[in-house]
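# Report on the structure
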Amino acid sequence: MPLPDTDTQSAYLKIRQVASGFALTGGAALLKRGGDNHCEQIAIGVTGVADVPYRATAVEATLTGELVTTENIAAAAEKVADDVELMAALHADEAYRVNLAKVYTRRTLGVPVKS
């Protein structure tokens, strides 16, 4: 796997399910910004919302080419579960998992924004 450019930032955050230690929901973000603070490249991975980890392509499409701001990140994060077959389990229902995914998408993208 090639190393990203020096202007590319990444983050991974998760909320643990206490009994098992596994991530209840988690998110990974890779963000490359242009000199004008526009999103040049983005990749978002989400765990714990569907049966398998997935790329949040609706979030990526919404932010690509846009100014990287808290407001744009929040708007894009609302799409984190678009076109995804949701999973409900013992520890969290679908609505709770989607809400966590939105929160953790905003937080994960917020880490590179603050840098």
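In short, a report on the structure. Residue numbers run consecutively from 1 along every chain, following the written order of its sequence. Owing to the predicted nature of the model, reporting of local features is limited to residues with pLDDT of at least 70; listing and counting of side-chain atom pairs is limited to 80 or more, with chain, interface and lining totals taken over all residues. Just so you know, side-chain values use all the structure's heavy atoms and leave hydrogens and water out.

### Here we look at the overall build of the protein
For the purposes of this entry, the term helix denotes a DSSP run of H or I that reaches at least four residues, the term strand denotes a run of E that reaches at least two, and both are numbered from the N terminus. If you tally the helices and strands in the protein, you get 3 helices and 4 strands. In the protein, the order of α-helices and β-strands from amino to carboxyl end is β-β-β-β-α-α-α. Every radius of gyration here is taken over C-alpha atoms, with the globule rule written as 2.2 Å times N^0.38, N being the number of residues. By the compact-globule yardstick of 13 Å for 115 residues, the protein fits well, its C-alpha radius of gyration being 14 Å. Dimensions of the protein, computed from C-alpha atoms along their principal axes, come out at roughly 45 × 25 × 25 Å. Only protein chains enter the calculation, and the probe is 1.4 Å; a residue is then buried if its accessible area is under 20% of its type maximum, exposed if over 50%, and partly exposed in between. Across the 115 residues that make up the protein, the buried fraction comes to 39%. A separation threshold of at least 6 residues defines the contact pool for the protein, and within that pool the share at least 24 residues apart is 50%. What sets the accessible areas is the Shrake-Rupley method with a 1.4 Å probe; for residues, cover comes only from the shown protein chains. Looking at the protein as shown, the accessible area adds up to about 6,700 Å², and 54% of this sits on carbon and sulfur atoms. Charge-centre separation for the protein: the mean point of 11 positive side chains lies 8 Å from the mean point of 14 negative side chains. Note on contacts: a residue pair qualifies if any of its non-hydrogen atoms lie within 4.5 Å across the two residues. We count Lys and Arg on the positive side and Asp and Glu on the negative side, and we leave His and both chain ends out. For charged residues, the charge sits on one atom: NZ in Lys, CZ in Arg, CG in Asp, CD in Glu.

### Here's the deal with the pairing of strand 3 (residues 39-47)
Of the strand pairs in this sheet, strand 2 (residues 23-33) and strand 3 are connected by 8 bridges, and their pairing is antiparallel. Residue G27 lies in a different strand from strand 3, and its bridge partner there is V46. Adjacent in sequence and paired antiparallel, strand 2 and strand 3 are bridged by 5 residues, among which N37 carries a positive phi angle near 65°. The rule for pairing is simple: two strands pair if DSSP sees at least two bridges between them. Taken together, the 2 bridges between strand 3 and strand 4 (residues 54-55) define a ladder with antiparallel strand orientation. Bridge assignment links G45 to a residue of strand 4, and that residue is R55. Linkage of strand 3 to strand 4, two consecutive antiparallel strands, is achieved through a turn of 6 residues, within which G48 is found at a positive phi near 85°.

### Some points on the side chain of T105
In this fold, T105 is placed in helix 3 (residues 94-114). Among the residues examined, T105 registers a relative accessible area of 4% and is labelled buried.

### Describing the side chain of T25
If you trace the backbone, T25 turns up in strand 2. Taking the relative accessible area as the measure of exposure, T25 reaches 0% and is therefore buried. With residues up to four places along the chain from it excluded, the contact list for T25 reads K14, I15, T47, G48, V49, R97, L100 and A101.

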